[in-house]
Amino acid sequence: MDRVRKGRKGRSGVRQRIGAAIAVGAAAALAVTALAAPAQSAPAQSADTKAADVNVAKNAGFESDLSNWTCNAGSGAAVTSPVHGGTKALKATPAGQSNAECSQIVSVKPNSTYKLSSWVQGSYAYLGARGTGTTDVSTWTPGTSSWQQLSTSFTTGANTTSVTVYTHGWYGQSAYYVDDVSVLGPDGGGGTDPVEIPAVPAGLKAGTATATSVDLSWTPVSTATGYTVYRDGTKVASVGGASTTVTGLTPETTYSFQVSATNAAGESAKSTAVSARTGKGGGGDGGTVPKHALTGYWQNFDNGATVQKLRDVSSQYDIIAVSFADATTTPGQITFNLDPAVGYSSTADFKADIAAKHAAGKSVILSIGGEKGTISVNSDASATAFANSAYALMKEYGFDGVDIDLENGLNPTYMTKALRQLSAKAGAKLVLTMAPQTIDMQSTSGGYFQTALNVKDILTVVNMQYYNSGSMLGCDGKVYSQGSVDFLTALACIQLEGGLDPSQVGIGVPASTRGAGSGYVAPSVVNNALDCLTRGTGCGSFKPSKTYPGLRGAMTWSTNWDATAGNAWSNSVGPKVHSLP
């Protein structure tokens, strides 16, 4: 945001050139289908280095139906439920003189030991290997209503290069199910499933719990490529790392969580369960924020705009973001220093103004960052320092929450941790806003967008800065230039269709031509964009495929520049926002 403390416009021209270049590059990238990488030769394996064991069974999880398997009398079929790992499993049904055997011939090495295992469910189920060249083996279970692992091992003979592995039920009994077969041992040269099913994750624990979410973490499993998270026995998430946040929960409710590890060979059993209880209240609607809200940034400095006390800010504004917090020598830690230039006789006078705004039904939050901001949250320690110091300032001054306006980089992992720690301290009335630049919200893979989605359950609104930008892509893949209703609506569409709730999307623009280096639009253009997104009227060439009547509203930089122009912006856009559906 072009919020320069002493009136300099900063990098707005550079941003426009960067934005235009990225938009053009992104548009061109739509036509690119692949990139060739230079080949790299693998180092030769030493003759005395033992190759890692592999699963020599093919289609071990039945993801390719019965490929590589033979079932007698047509007794077997791949089904999608129940499954242990992946999306399919084997169902085999004995009938007449058939025990519903399904088998596969696997390639093995002579004089080698193999560990044979599979997961079974249902009626009588057998697992075995024959033609081993030594002692054939088998194991069985009389039946189980949940997945159970069968395992045994065998050693191949001096001349054995193939073995038949099989599973079957029992005559006259009902169907049995099999999934995630593993024949783990030396590669016999016949092709493999890549790895063994991973171990069960250990160390599952619940961390921060809000009214609608619970943080979970566990010890990574070395052979896992992903993890499946279960809530009360139902799968709710698949993640790549050893932590996640389960959202969409009910306040003041106790839940049980488990996690399993997955890779190409299949899914492990579920971990030991851990319980967690959500807090009171709900969501990130925060304090007294109305359904449709107008946000304005209040300058804690004099840069040529009208100098205001908080009491002077127009009553049209529902959220007032005090700009800005200051960094300390401790990474992540913030403080606030009231600038004498704004005319307060004391800190107590400033606090009284915050209390008066609260009495009028307004929220006052502390903005973190700005163009010149140097606050960085990139470690566990800095995340904790941020949360602790932000909460201390909320208690000291009466701030209702924070605004994240870090324009020089944001680490989504640690900022998410910081905000969740703050939410745990502040409770359900925390007001949490963000003000990313347009480039930050072009894709859900961006750090800002990731962070917004990570904290969606406690997020009040994202007021992206539709200025100092240059051209950008809209949700339809077309390039739009700033300063038009299409620029506002087509870019807002990315957030609305990218995972944010309409109540978490606002349109951020300058209050006057002096409020930013570029991108100013008349209040009437903002109002047309609001109508287009919420009612389907007032659109330009871009018209969204549906309307979003729950859209939160609009934001401006700044209340001071608005006052300089006679509050023309808030007097026009404020009533429009407050009359949205």
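Going by the structure above, here's the rest.
Residues numbered from 1 in each chain as written. Predicted model: local features only at pLDDT ≥ 70, side-chain atom pairs only at ≥ 80, totals over all residues. Heavy atoms only, no water.

Quick word on the pattern of salt bridges
Moving on, step 1. Under the counting rule described, the total for this entry stands at 11 salt bridges.
Moving on, step 2. In this structure, the salt-bridge partner of D353 is R311, at a minimum N-O distance of 2.9 Å. Taken together, the residues D353 in helix α2 (residues 347-359) and R311 in the loop between β20 (293-299) and β21 (319-323) connect sequence positions 42 residues apart.
Moving on, step 3. In this structure, K417 and D380 form a salt bridge, with 2.9 Å as the shortest nitrogen-oxygen distance. Taken together, the residues K417 in helix α4 (residues 412-426) and D380 in helix α3 (residues 380-397) connect sequence positions 37 residues apart.
Moving on, step 4. Residue class for D380 comes out partly exposed when judged on its relative accessible area of 44%.
Moving on, step 5. Here the residues in one salt-bridge network are D215, R420 and D457, joined through shared partners. (Salt bridge = Lys/Arg side-chain N within 4 Å of Asp/Glu carboxyl O. Helix = DSSP H or I, 4+ residues; strand = E, 2+ residues; numbered from the N terminus. Buried < 20%, exposed > 50% of the residue type's maximum accessible area, 1.4 Å probe, protein only.)

What about the packing of aromatic side chains?
Moving on, step 1. One pass over the full model with this rule turns up 23 aromatic pairs.
Moving on, step 2. Centre to centre, the rings of F350 and Y397 are 6.0 Å apart; their planes meet at 70°, and the pair counts as edge-to-face. Of the two residues, F350 sits in helix α2 while Y397 sits in helix α3, which places them 47 residues apart along the sequence.
Moving on, step 3. Judged by relative accessible area, which is 0%, F350 ranks as buried.
Moving on, step 4. Members of the aromatic cluster, joined through ring pairs, are W298, F336, Y344, F350, Y397 and F399.
Moving on, step 5. Sitting over the face of the ring of Y230, K270 holds its NZ or CZ atom 4.5 Å from the ring centroid.
Moving on, step 6. In this arrangement the basic side chain of K351 is found over the ring face of Y397, its NZ or CZ atom lying 5.3 Å from the centre. (Phe/Tyr/Trp six-rings, centres within 6.5 Å; stacked < 30°, edge-to-face > 60°. Lys NZ or Arg CZ within 6 Å of the ring centre and 35° of its normal.)

Some details on the state of the cysteines
Moving on, step 1. Under the definition given, this model contains three disulfides.
Moving on, step 2. Two residues, C475 and C493, share a disulfide whose sulfurs are 2.2 Å apart. Residues C475 and C493 are joined through a disulfide that is right-handed, its torsion about the S-S bond being 85°. Taken as a pair, C475 in the loop between β28 (472-473) and β29 (479-480) and C493 in helix α6 (residues 485-497) lie far apart in primary sequence, 18 residues in all.
Moving on, step 3. By relative accessible area, which is 33% here, C475 ends up partly exposed.
Moving on, step 4. Disulfide pairing places C532 opposite C539 at an S-S distance of 2.0 Å. Between C532 and C539 the disulfide shows an S-S torsion of about 100°. By sign, it is right-handed.
Moving on, step 5. Relative accessible area serves as the criterion here: at 23%, C539 is assigned to the partly exposed category.
Moving on, step 6. Take the cysteines of the protein chain that form disulfides and number them in order along the sequence; they join up as 1-2, 3-4, 5-6. (Disulfide = S-S within 2.5 Å.)

What to know about the layout of surface pockets
Moving on, step 1. Estimates place the volume of the largest pocket at around 600 Å³.
Moving on, step 2. S243, T244, T245, T416 and K417 are the residues nearest the centre of the largest pocket, which is lined by 23 residues in total.
Moving on, step 3. Secondary structure elements with two or more residues in the lining of the largest pocket: β12 (202-209), β13 (214-219), β15 (234-239), β16 (243-246), α4 and α5 (447-454).
Moving on, step 4. The biggest single contributor to the lining of the largest pocket is α4, with six residues.
Moving on, step 5. Here the residues of the lining of the largest pocket sort into five nonpolar, 13 polar and five charged. (1 Å grid on protein atoms, 1.4 Å probe; cavity = no way out; pocket = protein on both sides within 12 Å on 5 of 7 lines; lining within 4 Å. Points joined across faces, edges and corners; volume = space filled by probe spheres on them. Nonpolar A, V, L, I, M, F, W, Y, C, P; charged D, E, K, R; others polar.)

A look at helix α9 (residues 568-578)
Moving on, step 1. Listing the buried residues of α9 in full gives W569, S570, V573, G574, K576 and V577. Along α9, the residues classed as buried sweep out an arc of 165° about the axis, all on the same side.
Moving on, step 2. Summarising the contacts, the buried residues of α9 are in contact with β20, β30 (505-510), α7 (523-535), β31 (553-557) and α8 (559-564). (Arc of directions from axis to C-beta. Contact = heavy atoms within 4.5 Å.)

Let's talk about unusual backbone geometry
Moving on, step 1. A cis amide bond links S81 with the next residue in sequence, P82, at an omega value of 0°.
Moving on, step 2. Structurally, the position occupied by P82 is in the loop between β3 (76-79) and β4 (89-92).
Moving on, step 3. Residue F324 follows S323 across a cis peptide bond; omega there is 10°.
Moving on, step 4. Mapped onto the secondary structure, F324 falls in the loop between β21 and β22 (326-327).
Moving on, step 5. Of note in the backbone geometry, N68 takes a positive phi value of approximately 75° without being a glycine.
Moving on, step 6. Its identity is not glycine, yet N111 carries a phi of approximately 50°, on the positive side.
Moving on, step 7. Relative to the helices and strands, N111 resides in the loop between β5 (102-107) and β6 (113-122).

Considering the nonpolar core
If you look at soluble globular proteins, the nonpolar side chains tend to sit buried side by side.
Moving on, step 1. If you look at the biggest cluster of nonpolar residues, it comprises 93 residues, and the most contacted ones within it are F350, I368, F399 and I404.
Moving on, step 2. Top element by residues in this core is α6. It accounts for nine residues.
Moving on, step 3. With sequence-adjacent residues up to four places away left out, I368 is seen in contact with A325, I334, I375, F386, V402, D403, I404, D405 and L406.
Moving on, step 4. Listed in part, the 28 residues of the second largest apolar core include W69, A100, L116 and V183. (Core = buried A, V, L, I, M, F, W, Y, C linked by side-chain atoms within 4.5 Å.)

Overview of the packing of α7 against α9
Moving on, step 1. Relative to each other, α7 and α9 sit at 15°, their axes nearing to 9 Å. With respect to α9, the axis of α7 lies roughly parallel. Along this stretch, α7 crosses α9, giving a crossing that reads as right-handed. On the side of α7, the interface is formed by P523, V526, N527, L530, D531 and R535, while α9 contributes A568, W569, S572, V573, K576 and V577.
Moving on, step 2. Residues that form the contact of α7 with α9 fall into these classes: seven nonpolar, two polar and three charged. (Axes fitted to C-alpha atoms, helices over the stretch in contact; angles between N-to-C directions. Parallel < 35°, antiparallel > 145°, perpendicular 65-115°, else oblique. Left-handed = near helix turned anticlockwise from the far one by under 90°.)

Geometry only, nothing functional implied.
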